[in-house]
Amino acid sequence: MSDEHWYEDETGSLVRPYTVTRGRTEPSGKHTIDLMSQVTAVDPGADANRPEVDHARAALLALVRRGARPVVELAADADLPLTVVRVLLADLAEAGLVGIQEPRRLEPTGPAADPELLKVIVERLREL
């Protein structure tokens, strides 16, 4: 697939981001897509020639098929705003082409989880 009509080296993308996302600025409510959410190709051999998979979505899907990566890396590699990538990934997830796994949230343990210690630290900082 040729990228010649989609991108100019000197001026950047010929298609504005809001056009690519069809005017949406948030992914659908079905998906929570964090910066560190891990994105994987559900079926690397699946045919991406569907009506809902246009040039921008196909290009992003090609990046995902190279290996699982966090959303923030995909945005950097695609050279697209994070907001646009989040919307496109949600579309690909709804089409069943990618899986999006939320990052694990680690609960603090040990001294960092002690509320009394945190109060002492705050008091000492206020004294400064």
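Scroll up to find the structure.
Residues numbered from 1 in each chain as written. Predicted model: local features only at pLDDT ≥ 70, side-chain atom pairs only at ≥ 80, totals over all residues. Heavy atoms only, no water.

J.: Now, about the nonpolar core: what can you tell me, with residues and values included?
T.: Core analysis: the biggest nonpolar cluster contains 22 residues, and Val39, Leu60, Val64, Leu74, Leu89, Leu92 and Val98 have the highest contact counts within it. Sorting the residues of this core by element identifies β3 (38-41), α2 (55-64), α3 (71-78) and α4 (82-94) as the ones contributing at least two each. Of all the elements, α4 adds the most residues to this core, at seven residues. Contacts of Val39, omitting those with residues within four sequence positions, involve Val64, Gly67, Ala68, Arg69, Val71, Leu74, Leu89, Val98, Gly99 and Ile100. (Core = buried A, V, L, I, M, F, W, Y, C linked by side-chain atoms within 4.5 Å. Buried < 20%, exposed > 50% of the residue type's maximum accessible area, 1.4 Å probe, protein only. Helix = DSSP H or I, 4+ residues; strand = E, 2+ residues; numbered from the N terminus. Contact = heavy atoms within 4.5 Å.)

J.: I'd love a proper account of the environment of Ala93, names of residues and values included.
T.: The residue Ala93 is located in helix α4 in this model. Each C-alpha atom of the pair Ala93 and Val42 lies 8.8 Å from the other, and the pair is 51 residues apart in sequence. Aside from chain neighbours lying at most four places away, what touches Ala93 is His31, Val98 and Ile100.

J.: Help me get a handle on the environment of Arg104, residues and values and all.
T.: As for its position among the elements, Arg104 is in the loop between β5 (98-101) and α5 (115-127). Residues Arg104 and Gln38, spaced 66 residues apart in sequence, show a C-alpha to C-alpha distance of 10.0 Å.

Purely geometric numbers; function is a separate question.
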